[in-house]
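Here is what each chain is made of, one letter per residue.
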Amino acid sequence: MRNNNLDEMQLQRRNKIGNQAFMLLFYLLMIDIGLNGFGFRWLNYPANVLAIMTACMTYYLIRIIWNSSFVGPQQSSKGITRKTRYLIGATGFVGAVTAFILQKYFMEAPATNGDDNSAMILLVVSIVMLIIIAVVSIIDKWQNKKVDNN
């Protein structure tokens, strides 16, 4: 695991927020299971769990960014090393080869249920969550710059 230089207070905040996010995930999944038992389905099976997990992870990320517990202070700004460049290139190559193989050999499999809106709902939820995280990160950086200038 990478050493991110968090101090003790940041680690405690991060652990506390992680615990809260896990408990939120647990209770939301239990509510979903209970509502599903009563016949209320807001999304089909894999999509409902993925939406709940995405929402809880977004909650976690927003909270740790807001509480300045995402990364610790850096001593010096480091550029991208050669090893990192090679790793990024290899990852891109493997991704492109995988996409090519999947497109060529597995694209003709028909969808199992085309009347389900789960994919669109998950796409919208993911985009909204990413926008929220970006806004929170920008606000946090702006506040840190404002504090540093005073």
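What counts as what
Residues numbered from 1 in each chain as written. Predicted model: local features only at pLDDT ≥ 70, side-chain atom pairs only at ≥ 80, totals over all residues. Heavy atoms only, no water. Phe/Tyr/Trp six-rings, centres within 6.5 Å; stacked < 30°, edge-to-face > 60°. Buried < 20%, exposed > 50% of the residue type's maximum accessible area, 1.4 Å probe, protein only. pLDDT = per-residue confidence, 0-100. Helix = DSSP H or I, 4+ residues; strand = E, 2+ residues; numbered from the N terminus. Expected span 1.5 Å × (residues − 1). Core = buried A, V, L, I, M, F, W, Y, C linked by side-chain atoms within 4.5 Å. Contact = heavy atoms within 4.5 Å. Axes fitted to C-alpha atoms, helices over the stretch in contact; angles between N-to-C directions. Parallel < 35°, antiparallel > 145°, perpendicular 65-115°, else oblique. Left-handed = near helix turned anticlockwise from the far one by under 90°. Nonpolar A, V, L, I, M, F, W, Y, C, P; charged D, E, K, R; others polar. Polar contact = N/O pair within 3.5 Å; in protein donor to acceptor, adjacent residues only side chain to side chain.

**Some thoughts on the packing of aromatic side chains**
Evaluation of the coordinates by the stated rule reveals one aromatic pair. With centroids separated by 5.3 Å and ring planes inclined at 70°, the aromatic side chains of Phe26 and Tyr27 adopt a geometry described as edge-to-face. A relative accessible area of 37% places Phe26 in the partly exposed class.

**Remarks on the confidence of the model for the protein chain**
Per-residue confidence for the protein chain gives a mean pLDDT of 81; residues scoring 70 or more make up 82%. Summarising per-element confidence for the protein chain, the mean pLDDT is lowest in helix 4 (residues 118-149) (78) and highest in helix 1 (residues 8-37) (92).

**Digging into helix 2 (residues 45-66)**
Given 3.6 residues to a turn, an α-helix orients residues that are three or four positions apart in the same direction. Over its 22 residues, helix 2 extends 32 Å from the first C-alpha to the last, a length consistent with the 32 Å expected when each residue adds 1.5 Å. Residues of helix 2 that are buried include every one of Ala47, Asn48, Ala51, Ile52, Cys56, Thr58, Tyr60, Leu61, Ile62, Ile64 and Ile65, and no others. Two residues or fewer past helix 2, Ser68 is found with a positive phi of approximately 55°.

**Focus on unusual backbone geometry**
Of note in the backbone geometry, Ser68 takes a positive phi value of approximately 55° without being a glycine. By the secondary structure assignment, Ser68 is in the loop between helix 2 and helix 3 (82-106).

**Quick notes on the nonpolar core**
Counting nine residues, the largest nonpolar core consists of Ile17, Ala21, Tyr60, Leu61, Ile62, Ile64, Ile65, Ile133 and Val136. Mapped onto this core, the elements with two or more residues apiece are helix 1, helix 2 and helix 4. The contacts of Val136, once residues within four sequence positions are left out, are Ile62, Ile65 and Trp66.

**Side note on helix 1**
For helix 1, with 30 residues, the first-to-last C-alpha span of 43 Å sits near the 44 Å given by 1.5 Å per residue. Taken as a whole, helix 1 has its buried residues at Gln10, Arg14, Ile17, Ala21, Leu25 and Asp32. On its buried side, helix 1 packs onto helix 2. Of the residues trailing helix 1, Gly39 is marked for its positive phi of about 95°.

**Regarding the packing of helix 1 against helix 2**
Direction vectors running N to C along helix 1 and helix 2 enclose 160°, while the axes themselves pass 9 Å from each other. Judged by the angle between their axes, helix 1 and helix 2 are roughly antiparallel. Every pair of crossing elements has a handedness; the one defined by helix 1 and helix 2 is right-handed. Of the residues in helix 2, those in contact with Arg14, Ile17, Gly18, Gln20, Ala21, Leu24, Leu25, Leu28, Leu29 and Asp32 of helix 1 are Asn48, Val49, Ile52, Met53, Cys56, Tyr59, Tyr60, Arg63 and Ile64. By residue class, the composition of the contact of helix 1 with helix 2 is 13 nonpolar, three polar and three charged.

**Some words on the side chain of Asn48**
For Asn48, the location among the structural elements is in helix 2. Of note is the side chain of Asn48, whose polar atom sits 2.7 Å from the side chain of Asp32. Ignoring any residue separated from it by four or fewer positions in sequence, one finds Asn48 in contact with Asp32, Trp42 and Leu43.

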